[in-house]
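Coordinate inspection notes
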Amino acid sequence: KNQVEQSPQSLIILEGKNCTLQCNYTVSPFSNLRWYKQDTGRGPVSLTIMTFSENTKSNGRYTATLDADTKQSSLHITASQLSDSASYICVVSPYNFNKFYFGSGTKLNVKP
Amino acid sequence: EAGVAQSPRYKIIEKRQSVAFWCNPISGHATLYWYQQILGQGPKLLIQFQNNGVVDDSQLPKDRFSAERLKGVDSTLKIQPAKLEDSAVYLCASNSLGSRLGDYGYTFGSGTRLTVV
């Protein structure tokens, strides 16, 4: 069964600190994995997209890693800012890339 | 490039009333998705269109929900009659087949927040 699991469910950190969010998946055959940021009441916005051959991809203070062998991905946020407070959703697509499997998201709260 | 447009942004209705949402995808995107996102959860696919044909509507509650994409461009999602548990954000997304590797066009709209009272 194609599933995407994220952890932790929620996270509170102080401004300026780093954090790492996890995503494990069983989607097969794998095509790509995306991380999205979703502000409350808004649609998800893409942060990174990684294919099978990519191990790391950065977008500013966001760095995503992918281990296709263990089917795990992480999103590392460096020097967090208050504006990073949002839900972060992991989305995995099988080789027929018109299908998308969503994790339940990690709700991040950055406090001053 | 214009994004995925959705309207309205917010809607409050009483239970048993009807409501409709509208989505205009990115120009040229053949695939259009409607998702329901309940607070604290990931999006759940309701229906997927390829041009004006339905690819997947297995999770659409067909007794009360309907969707159409008559000309293969914009789409409407209707709920009739609404129930309290339909309170959620309804997201529209579109995608382009044949996107070059690493540049997938899958993009979300801002969503419509529905509150049923």
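See above for the structure.
The structure contained in this document is the topic of the report that follows. (Residues numbered from 1 in each chain as written. Chains lettered and ligands numbered in written order. Predicted model: local features only at pLDDT ≥ 70, side-chain atom pairs only at ≥ 80, totals over all residues. Heavy atoms only, no water.)

**Description of the interface of chain A and chain B**
Quick note on the threshold: Contacts are assigned to residue pairs with any non-hydrogen atoms lying within 4.5 Å of each other. Once two parts are brought into contact, the accessible area they lose, counted with a 1.4 Å probe and summed over both, makes up the buried area. Every case where a carboxyl oxygen of Asp or Glu lies within 4 Å of a side-chain nitrogen of Lys or Arg is listed as a salt bridge. Under the rule applied, a polar contact is a pair of N or O atoms within 3.5 Å (in protein, one hydrogen donor and one hydrogen acceptor; residues adjacent in sequence only if both atoms are side-chain atoms).
Tallying the contact residues gives 20 residues for chain A and 25 residues for chain B. Between chain A and chain B, the buried area comes to about 1800 Å², and carbon and sulfur atoms account for 52% of it. Counting the contacts that link chain A with chain B gives one salt bridge. The salt bridge involving Lys99 of chain A is made with Asp56 of chain B; its shortest N-O contact spans 2.6 Å. At the junction of chain A with chain B, the criterion picks out five residue pairs in polar contact (both at pLDDT 80 or more).

**Observations regarding the pairing of strand 1 (residues 4–7) of chain A**
All names here are of chain A. Defined as follows: Each residue is placed in one exposure class: buried if its accessible area under a 1.4 Å probe, protein chains only, is under 20% of its type's maximum, exposed if it is over 50%, and partly exposed if it falls in between. Numbering of helices and strands starts at the N terminus; helices are DSSP runs of H or I of at least 4 residues and strands are runs of E of at least 2. Strand pairing is defined by DSSP finding a minimum of two bridges between the two strands.
Burial of the side chains of strand 1 is restricted to one face: Val4 and Gln6 are buried, whereas none of Glu5 and Ser7 on the reverse face is. The sheet contact formed by strand 1 and strand 3 (residues 19–25) spans four bridges and is antiparallel. What sits directly across from Glu5, in strand 3, is Asn24.

**As for the sheet that holds strand 1 of chain A**
Residue and element names in this part refer to chain A. Put simply, the test is: For every element, the axis is a line fit to its C-alpha atoms; helices are fit only across the contacting stretch, and the angle between N-to-C directions ranges from 0 to 180 degrees.
The antiparallel open sheet is built from five strands, whose spatial order is 1-3-8-7-6. In this open sheet, the two strands that pair with only one neighbour each are strand 1 and strand 6 (56–59). Averaged over all pairs of adjacent strands, the angle between their axes in this sheet comes to 15°, without regard to strand direction.

**A look at the nonpolar core**
The test is simple: Throughout this description, the term nonpolar core refers to a set of buried Ala, Val, Leu, Ile, Met, Phe, Trp, Tyr and Cys residues connected via side-chain atoms within 4.5 Å.
Tyr25, Leu33, Trp35, Leu75, Tyr88 and Val92 of chain A are the most contacted members of the largest nonpolar core, which totals 24 residues. Going through the elements one at a time, strand 3, strand 4 (30–38), strand 5 (45–51), strand 7 (62–67), strand 8 (72–77), strand 9 (86–94) and strand 11 (106–111) of chain A are the ones with two or more residues in this core. Not counting the four nearest positions on each side in its chain, Tyr88 of chain A is found in contact with Gln6, Leu21, Trp35, Tyr36, Lys37, Leu47, Tyr62, Leu75, Ile77, Gly105, Thr106 and Leu108 of chain A. Listed in part, the 21 residues of the second largest apolar core include Trp34, Ile47, Phe65 and Ile79 of chain B.

**Structural notes on the sheet that holds strand 7 (residues 65–68) of chain B**
Residues and elements named next belong to chain B. With antiparallel pairing, the four strands of this open sheet are ordered in space as 1-3-8-7. Taken across any chain shown, the strands that pair with only one partner, and hence form the sheet edges, are strand 1 (5–7) and strand 7. Within the sheet, the average angular offset between the axes of one strand and its neighbour, ignoring direction, is 15°. Looking at chain direction, strand 7 and strand 8 (residues 75–79) are connected through four bridges and run antiparallel. Counterpart to Phe65 in the pairing with strand 8 is Ile79.

**Things to note about the packing of aromatic side chains**
Each aromatic ring pair is characterised by the separation of its centres together with the angle its planes make. What counts here: Between rings of Phe, Tyr and Trp, where Trp is taken as its six-membered ring, a pair exists when centres lie within 6.5 Å; planes separated by under 30 degrees are stacked, by over 60 edge-to-face, and by other angles tilted. We call a charge positioned above a ring when the Lys NZ or Arg CZ atom is no farther than 6 Å from the ring centre and deviates by at most 35 degrees from the ring normal.
Summed over all chains, the structure comprises 14 aromatic pairs over all chains. Geometrically, the ring pair formed by Tyr33 of chain B and Tyr35 of chain B is stacked, given 5.9 Å between the ring centres and 20° between the ring planes. For the pair formed by Tyr33 of chain B and Tyr35 of chain B, the shared burial category is buried. Here the aromatic residues Tyr36, Phe100 and Phe102 of chain A together with Tyr33, Tyr35, Tyr106 and Phe108 of chain B are joined through ring pairs into a cluster of three or more. When the ring centre of Tyr62 of chain A is taken as reference, the NZ or CZ atom of Arg61 of chain A above it lies at 5.7 Å. Directly above the aromatic system of Tyr10 of chain B lies the positively charged group of Arg9 of chain B, at a separation of 5.1 Å from the ring centroid.

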